[in-house]
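Secondary and tertiary structure notes
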Amino acid sequence: TEALRKMDREFRFLGLEYERLDGTGIGGRMLDLQDRRVMAIFGQGEELEAALRKAAAYRRRWETSGILVVAVAPSLPKDLAGRWLALARAPQDWCGCRDELAAVS
């Protein structure tokens, strides 16, 4: 039963939305990324900016590995962009899903 609860919480991530930061501004849902993996980075301010700058060093690896890095924050620094990066729409929903998943893990 506990495993089913965890799976239910994991499936809630599929409805979450993101906006690509590759200059196109195209958005999508996690459900649309079935052939890609996602790394969500939660945070804000300088801490998030530092983590994303470190991740930017691996941007080519993210792209070739089919990994989309999703920043879960209200906004990002203007000079961070690329096909490897997306911004979470409704970050409070992403945080809620993360917290629910952590509660059963």
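Everything discussed here concerns the structure shown above.
To start, this report covers the structure provided alongside it.

The rules behind these values
- Residues numbered from 1 in each chain as written.
- Predicted model: local features only at pLDDT ≥ 70, side-chain atom pairs only at ≥ 80, totals over all residues.
- Heavy atoms only, no water.
- Pairing = 2+ DSSP bridges.
- Helix = DSSP H or I, 4+ residues; strand = E, 2+ residues; numbered from the N terminus.
- Axes fitted to C-alpha atoms, helices over the stretch in contact; angles between N-to-C directions.
- Buried < 20%, exposed > 50% of the residue type's maximum accessible area, 1.4 Å probe, protein only.
- Salt bridge = Lys/Arg side-chain N within 4 Å of Asp/Glu carboxyl O.

**Some remarks on the sheet that holds strand E2 (residues 27-29)**
Taken together, the 5 strands give an open sheet; going across it, the order is E2-E1-E5-E4-E3, and neighbouring strands pair in mixed fashion. The two strands at the open ends of the sheet, each matched to only one other strand, are E2 and strand E3 (37-42). This sheet shows a mean twist of 35 degrees between the axes of neighbouring strands, independent of strand direction. By the bridge criterion, 4 bridges tie strand E1 (residues 17-21) to strand E5 (residues 82-88) in an arrangement that is antiparallel.

**Here's the deal with the environment of Gln44**
Within the fold, Gln44 resides in the loop between E3 and helix H2 (45-56). Judged by its relative accessible area of 59%, Gln44 is exposed.

**Overview of the pattern of salt bridges**
Applying the stated criterion across every chain yields a total of 8 salt bridges. In this structure, Arg5 and Glu2 form a salt bridge, with 3.9 Å as the shortest nitrogen-oxygen distance. On the criterion of helical spacing, the pair formed by Arg5 and Glu2 is a turn pair, its members being 3 residues apart in helix H1 (residues 2-11). Classification of Glu2 as partly exposed rests on a relative accessible area of 42%. Linked by salt bridges that have partners in common, Asp8, Arg12 and Glu100 make up one network.

The values are spatial; any link to function lies outside them.
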